[in-house]
Number of protein chains: 2
Amino acid sequence: MATIEQFLESKDIRITAMRLLIYKFLASKEVAVTLSDIQNAFDKADRTTLYRTLKTFEEKDVVHQIDDGTGITKYALCEEGCNCEIGTDLHLHFHCNNCNETICLTQHKIPQIKVPKGFVSEDVNLVVKGICDKCS
Amino acid sequence: MATIEQFLESKDIRITAMRLLIYKFLASKEVAVTLSDIQNAFDKADRTTLYRTLKTFEEKDVVHQIDDGTGITKYALCEEGCNCEIGTDLHLHFHCNNCNETICLTQHKIPQIKVPKGFVSEDVNLVVKGICDKCS
DNA sequence: CAATAAATGCACTTCCATTGCATCTTATTT
DNA sequence: AAATAAGATGCAATGGAAGTGCATTTATTG
Ligand SMILES: [Mn+2]
Ligand SMILES: [Mn+2]
Ligand SMILES: [Zn+2]
Ligand SMILES: [Zn+2]
């Protein structure tokens, strides 16, 4: 078990205090978070820095964006050994209509989707909406 | 084959010149359209009117919104006899990364998605991204 | 330490969704 | 038909979030 510093460096990300805080915050959450969630957690943080940090994390395959249909981008840490970079790790996302939280169902991969002849599938986004386990 | 006027009235929508134009425009398109698409087609039209017309159409199950992940809401006519209102008509949507157009694949229903114990699925949004038949 | 590269913070812009309110139009009632 | 009510439209304004430019601070390297 490497330290967070080692992990980020292995991903070619330079260590800064802010980045460590953001990483730890993401790791402490079991649900996907918005930029505002992070901003509220550290009110001294500038929104732009958070935005660009998440962008860096995403480029380095440390986090992935989630579009759950609420219109607000959410972020979650990638799983150990996920395959975000090659588009293989297509797990589904669940959005709770009650508590409004979104969670990665990393164990639930998106089934193979058939598309009509002539169409080429490159990426799939699947969001299930309903009631989460905590709310039901 | 009823007239458009009769159809809209059967859906409890009052007939206006603008609504007929918007309906015909939607019917003429085989792809999902944005508010701006409609606005550009009728430059005399006010954006708010278009917006509210589409909202009305949606409430009356004449059109459905599509969130294809571009961040811009798109609209398409519901199919004859679709089941938007009861959430049964869950066809998938295809977004072309090349021409940037989004199309309803109404013949392709979303497969049953398994969710973990404790979760209740109420709705599913599935968007496939790739290359469409015209671009491949 | 000097030189360089990267990260941060502030201000600003852009884009789209959404609303308030006044006005115009259509449907209903007397 | 005139009066009234209900609904549709247009203009202006707001709000929320994503994204960018640039100056400043911080870290890295020789
Ligand atoms: Mn996820
Ligand atoms: Mn559709
Ligand atoms: Zn919930
Ligand atoms: Zn295409």
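Up top you'll find the structure we're talking about.
A quick note: this is a predicted structure, and the numbers were derived from the prediction, not measured.

Asks: Which residues make up the relation of the copies chain A and chain B, and what values go with them?
Replies: Superposing the two chain copies requires a rotation about an axis and a translation along that axis. Structural alignment of chain A on chain B gives an RMSD of 0.1 Å, achieved by rotating through 180° and translating 0.1 Å along the axis. This pairing of chains is accounted for by a two-fold axis. Of the C-alpha atoms belonging to chain A, the one lying closest to the rotation axis is found on A:Leu126, 2.2 Å away. With an isologous cut-off of 70% or more, the 100% of interface residues of chain A that recur at the interface of chain B puts this contact in the isologous class.

Asks: Requested: an account of the sheet that holds strand β4 (residues 91-96) of chain B, with residues and values cited.
Replies: If you trace the 6 strands from one edge of the open sheet to the other, you get β5(A)-β4(A)-β6(A)-β6(B)-β4(B)-β5(B), paired in mixed fashion. The open sheet has two edge strands with one neighbour each: β5 (102-109) of chain A together with β5 (102-109) of chain B. If you compare each strand with its neighbour and ignore which way they point, the axes differ by 30° on average. Bridging between strand β6 (residues 120-131) of chain A and strand β6 (residues 120-131) of chain B involves 11 bridges; their strand directions are antiparallel. Bridge assignment links A:Val124 to a residue of β6(B), and that residue is B:Val128.

Asks: Lay out the nonpolar core in plain terms, naming residues and giving numbers.
Replies: A:Phe94, A:Leu126, B:Phe94 and B:Leu126 are the most contacted members of the largest nonpolar core, which has 24 residues in total. Counting 20 residues, the second largest nonpolar core, distinct from the first, contains B:Leu20, B:Ile22, B:Val33 and B:Phe57.

Asks: Break down the protein's contact with DNA strand C for me, with residues and values.
Replies: The full set close to DNA strand C counts 17 residues, and A:Arg14, A:Thr16, A:Thr49, A:Arg52 and B:Tyr51 are the nearest of them. Each atom of DNA strand C within 4 Å of the protein belongs either to a base or to sugar and phosphate, the latter forming 72%. B:Arg52 places a side-chain nitrogen or oxygen 3.0 Å from a base oxygen of DNA strand C. If you list the elements that add at least two residues to the surface near DNA strand C, you get α2 (17-28) and α4 (47-59) of chain A together with α4 (47-59) of chain B. If one sorts the elements of the surface near DNA strand C by residue count, α4(B) sits on top with 5 residues.

Asks: Could you give me a rundown of the interface of chain A and chain B, with the residues and numbers involved?
Replies: The interface is formed by 31 residues belonging to chain A together with 31 residues belonging to chain B. Summing both sides of the interface, chain A and chain B together bury roughly 2,500 Å²; the carbon and sulfur share of this comes to 64%. When residues of chain A are sorted by the area they lose upon contact with chain B, A:Phe119, A:Asn125 and A:Lys129 head the list and together hold 20% of the total. In this structure, the connection of chain A to chain B is made through 0 salt bridges. Run the count over chain A and chain B and you get 12 residue pairs in polar contact (both at pLDDT 80 or more). Contributing elements (two or more residues each) for the side of chain A that touches chain B: β4 (91-96), β5 and β6 of chain A. With 12 residues, β6(A) is the largest single contributor of residues to the side of chain A that touches chain B. Among the residues making up the side of chain A that touches chain B, the classes are represented as 16 nonpolar, 8 polar and 7 charged.

Asks: Quick rundown of the pairing of β6(A)? Include the residues and the values.
Replies: Pairing analysis gives 4 bridges linking β4(A) to β6(A), with the strands arranged parallel. The residue of β6(A) that forms the bridge with A:His95 is A:Lys129.

Asks: Can you explain the coordination of the zinc ion (ligand 4)? Please cite residues and give values.
Replies: All names here are of chain B. Note on the zinc ion (ligand 4): its protein donors are Cys96 (SG), Cys99 (SG), Cys132 (SG) and Cys135 (SG). The metal-donor distances range over 2.2 to 2.5 Å. Of note is the zinc ion (ligand 4), whose 4 donor atoms meet at the metal with angles of 103 to 114° in an arrangement that counts as tetrahedral. Within one chain, the residues donating to the zinc ion (ligand 4) are spaced in sequence as C-x2-C-x32-C-x2-C. Note that cysteine 99 is positioned in the loop between β4 and β5 and cysteine 135 in the segment after β6, a separation of 36 residues in sequence. You can call cysteine 99 partly exposed: its relative accessible area is 31%.

Asks: Give a detailed account of the sheet that holds strand β2 (residues 63-66) of chain B, specifying residues and quantitative values.
Replies: All names here are of chain B. Here 3 strands make up an open sheet; going across it, the order is β1-β3-β2 and the pairing antiparallel. The open sheet has two edge strands with one neighbour each: β1 (33-34) and β2. In this structure, β2 lies alongside strand β3 (residues 74-77), joined through 4 bridges in antiparallel fashion. Each residue of the ladder has a partner; that of valine 63, found in β3, is leucine 77. The sheet contacts of helix α2 (residues 17-28) involve β1, β2 and β3, and relative to β3 the element is tilted by about 85°.

Asks: A description of the protein's contact with DNA strand D should follow, citing residues and the corresponding values.
Replies: Every one of the 17 residues lining DNA strand D counts as a neighbour, but A:Tyr51, B:Arg14, B:Thr16, B:Arg19 and B:Arg52 are closest to it. Atoms of DNA strand D within 4 Å of the protein: sugar and phosphate make up 73%, bases the balance. Between A:Arg47 and DNA strand D, the recorded distance is 3.5 Å, taken from a side-chain N or O atom to a phosphate oxygen. At 3.1 Å, a side-chain N or O of A:Arg52 approaches a base oxygen of DNA strand D. Every element with two or more residues in the surface near DNA strand D is listed here: α4 of chain A together with α2 and α4 of chain B. Across the surface near DNA strand D, the residue classes tally to 4 nonpolar, 6 polar and 7 charged.

The rules we used
One numbering rule holds for all chains: residues counted from 1, following each sequence as written. Naming scheme: in the order in which they are written, chains are lettered from A and ligands are numbered from 1. Owing to the predicted nature of the model, reporting of local features is limited to residues with pLDDT of at least 70; listing and counting of side-chain atom pairs is limited to 80 or more, with chain, interface and lining totals taken over all residues. Values shown for side chains rest on all heavy atoms present in the structure; no hydrogens or waters enter the calculation. The copies were overlaid with a least-squares fit restricted to C-alpha atoms from residues scoring a pLDDT of at least 70 in each copy. What makes two residues a contact is simply this: any of their non-hydrogen atoms within 4.5 Å. Here the rule is simple: two strands pair whenever DSSP picks up at least two bridges between them. Counting from the N terminus, the helices are the DSSP runs of H or I reaching at least four residues and the strands are the DSSP runs of E reaching at least two. Angles here are taken between N-to-C directions and fall from 0 to 180 degrees, while the axes themselves are lines fitted to C-alpha atoms, restricted in helices to the stretch in contact. Working definition of a nonpolar core: buried Ala, Val, Leu, Ile, Met, Phe, Trp, Tyr and Cys residues. They are joined through side-chain atoms within 4.5 Å. Accessibility here uses a 1.4 Å probe with only protein chains present; expressed as a share of the type maximum, an area under 20% marks a residue as buried, one over 50% as exposed, and anything in between as partly exposed. If even one non-hydrogen atom of a residue comes within 4 Å of a molecule or strand, that residue is called near it. As used in this structure description, the phrase polar contact means that two N or O atoms lie within 3.5 Å; if the pair is within protein, one of them must be able to donate a hydrogen and the other to accept it, and residues adjacent in sequence are counted only when both atoms belong to side chains. Joining two parts hides part of their accessible area as seen by a 1.4 Å probe, and the buried area is that hidden amount summed over both. A pairing counts as a salt bridge when a side-chain nitrogen of Lys or Arg comes within 4 Å of a carboxyl oxygen of Asp or Glu. As a working rule, the residues Ala, Val, Leu, Ile, Met, Phe, Trp, Tyr, Cys and Pro are called nonpolar, Asp, Glu, Lys and Arg charged, and the rest polar, with Gly in that last group. Keep in mind that water is not among the atoms, so a site may look incomplete; donors are the N, O and S atoms within 2.8 Å of the metal, or 3.2 Å for Na, K and Ca. A four-donor site is classed as tetrahedral when every donor-metal-donor angle falls between 85 and 135 degrees; four donors are called square planar, and six octahedral, when trans pairs exceed 155 degrees and all remaining angles lie between 65 and 115, with any other arrangement labelled irregular.

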